[in-house]
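Here is what each chain is made of, one letter per residue.
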Amino acid sequence: MNYQNESKELIEAFKEEVKKKVPIWLKTQVTELKDFLDELEDHIWDKATEYANGRDPEITHVREAIISMGSPRKITKEFKTRGNPKFFITEELWPSYYKSLIFGAVIVLFINMLTMGFDLAKPEANIGATIGQAFEGTFAGFAYVFVGMTLMFVQLSYHGYLPEDFRKMAEAREKKELLKKEARRVGKTVRPERTKKPKREKSVIPSSGSYLFEGIMAFIGGGVLVFYPFIDINRVYIEYWMPALPGWLKLVGGVMLISGVIRFSQALIGKNRRLQQFFLALGIIPMCLSLALWLQVHFNPDLVTNVLSSRFPATNIPQIILAIVVVLSILQIFGMIDEIRKIVKLEIKGFEKKESKYEKLMNNH
Amino acid sequence: MFRNIKTYRPEALIETARFRSYVESFESELLRGISTLSALAIIQRHPEEGVYGYQLLKELEQETQKTLVIEEGTLYPILRKLERDGLLVSERKESSGRPRKYYKLTEDGQKLHNHMIGFFSKLLEAIGPLIEVDIKLPEKKYVYCPNCTNKIPQSTDVRFCNICGLNIEGLSK
């Protein structure tokens, strides 16, 4: 490989590293991101040429020029300083935050009121209790929307998102759709530009972002199961055929909520090894509870087995349920083992910084 | 944005973990605004052809006798922010066989730059006695708006501050 190619490879690796670290809002603006990376490259070549006293730069000059650029983390940090902080959420995002809260609240209200309507329509309805239940569900829903949205907007503010980024994303999507439609019209297929992605090594534990996502999902799922807003629609059926099911669903919801709290905590902790290990260990408890609950489906025929057996007498329902329970239980056990593996790996490796291609190249030269 | 090029003896007070981070965060807070101001000041000098990032840094280095040394990559996010905020416009042009992005001040950018420079100058003048430095503003050349500290050249026939609209007629010398 000649010097020129090596230099190009080094610059490409640097650009790739910068690209990885830019905030999500910039990643979505493909043209702007490319322009920014090209500008960095122009600068590196200028600087390297200066180091080479006006001659064609060699790899060492390029390396020096890259060092003078500063670390990719520092460069991209400048993008994250967008927006004026106001109680953890930037001032610019507050209007969108309000709108999202209102939108979420309206949906919660709609679901609860619809359920109340169905319930009140029943002849045996206890009006006071039904209304009380509906309000309880509504306020619990509000609390969920508030917590979920707040966490999401805090995260967006941290990444320097601004409202215009959402607009640009929507515009880009529209443009893409139009292009697709146009291509379909003229009978051609449009393939998205394929870029060769470098193979990424897996980190010891998932990122804060994915923990946050898991937490939000667990909160939503758990909340729905605990407060189960649709139960009144089919209460008579459930109470007659599957009397144990509502209680079981509430327990599943409760376990999901506990997992959600743990995931949120893990997202907030970040790279604190001891605390992460503590919460990974704590995460095994709801997994054990889940296992017990899956096994309950097999051991307690009142849950679903009896009703399904009476509905489908020709099928061997207990056998099918046993097979499902076994598979789910095995998955649950694997999940627990995986948590233990992460604890051990964290102990051995810590939050080991993986050497990126850029760092490898920089260290080699 | 500015690179700290200082090195100290290991036993120096500001080398201790506690003071080092304190001093570094103090310096970076202080320099954040100054970096924007300095970049705009250089760009202002090239109203016609504009200036590209590398050229800007070179000029800044020369003007400040290498006191302000920028971590070069961090300049570009700042330029882009200024462009998004409407203070700068950019254009890609070929120069010496290489494509470069040239930045120029917009009309609003020019006005805001004058205001920011005026504010910073008056601030320096005000704190001068506290830090025992003597700051003399070029008041024969410029009027500093008493309301918003906008820096207005004496030579121009301006009756009102173009930032806050204050009547400055009587202030010219």
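By convention here, each chain's residues receive numbers from 1 onward along its written sequence. Chains and ligands are labelled sequentially in the order written, the chains with letters from A and the ligands with numbers from 1. Where totals are concerned, whole chains, interfaces and linings use all residues; where local detail is concerned, this predicted model gives features only for residues with pLDDT of at least 70, and gives and counts side-chain atom pairs only at 80 or more. Think of the side-chain values as coming from all heavy atoms in the structure, minus any hydrogens and water.

What exactly am I supposed to notice about the side chain of A:Asp42 here?
Here A:Asp42 shows up in helix α3 (residues 30-51). Look at A:Asp42 and you get buried, because its relative accessible area is 11%. Polar contacts here mean pairs of N or O atoms no more than 3.5 Å apart (in protein, one a potential hydrogen donor and the other a potential acceptor; neighbouring residues in sequence count only if both atoms are side-chain atoms). Engagement of the side chain of A:Asp42 in a polar contact is seen with the side chain of B:Arg92, the distance being 3.2 Å. By definition in these notes, contact holds between two residues if any of their heavy atoms fall within 4.5 Å. With near-sequence residues (within four places) excluded, A:Asp42 lies in contact with B:Arg92, B:Pro99 and B:Arg100. Helix and strand assignments come from DSSP, with helices taken as H or I runs of at least 4 residues and strands as E runs of at least 2, each series counted from the N terminus. Accessibility here uses a 1.4 Å probe with only protein chains present; expressed as a share of the type maximum, an area under 20% marks a residue as buried, one over 50% as exposed, and anything in between as partly exposed.

Looking at this structure, how should I read the pattern of salt bridges?
Where side chains of opposite charge bring their charged atoms close, a pairing between them can arise. Salt bridges, as used here, are contacts in which a Lys or Arg side-chain nitrogen is within 4 Å of a carboxyl oxygen on Asp or Glu. Evaluation of the coordinates by the stated rule reveals 32 salt bridges over all chains. Measuring nitrogen to oxygen at the nearest pair gives 2.8 Å for the salt bridge that ties A:Lys34 to A:Asp38. Taken as a pair, A:Lys34 and A:Asp38 lie in helix α3 at a separation of four residues, close to a single helical turn. The residue B:Arg80 makes a salt bridge to A:Glu39 at a minimum N-O spacing of 2.9 Å. One end of the pair, B:Arg80, is in helix α3 (residues 75-84); the other, A:Glu39, is in helix α3, on a second chain. Across the pair, A:Glu39 and B:Arg80 agree in class, each one buried. Through salt bridges that share partners, A:Glu32, A:Asp35, A:Glu39, A:Asp42, B:Arg80, B:Glu83, B:Arg84, B:Arg92 and B:Lys101 make up one connected network.

I keep staring at helix α13 (residues 284-299) of chain A and nothing clicks. Help me out?
Owing to its 3.6 residues per turn, the α-helix aligns residues three or four sequence positions apart on the same side. Residues and elements named next belong to chain A. Its 16 residues place the ends of α13 22 Å apart at the C-alpha level, agreeing with the 22 Å of an ideal helix rising 1.5 Å per residue. Among all positions in α13, only Ile284, Pro286, Met287, Ser290, Leu291, Leu293 and Val297 are buried. Those residues of α13 that are buried lie in contact with α11 (245-269), α12 (273-282), α14 (305-311) and α15 (317-349). Take the residue count of a helix, subtract one, and multiply by 1.5 Å to get its expected span.

For this particular structure, what's the right way to read the nonpolar core?
Generally speaking, nonpolar side chains in soluble globular proteins are found buried as a group. All names here are of chain A. Residues enter a nonpolar core if they are buried and are Ala, Val, Leu, Ile, Met, Phe, Trp, Tyr or Cys, with the set joined through side-chain atoms within 4.5 Å. Core analysis: the biggest nonpolar cluster contains 53 residues, and Phe14, Phe36 and Ile66 have the highest contact counts within it. By residue number, the principal contributor to this core is α3, which donates seven residues. In this structure Ile66 touches Leu10, Ile11, Phe14, Ile44, Tyr358 and Met362, once residues within four positions along its chain are discounted.

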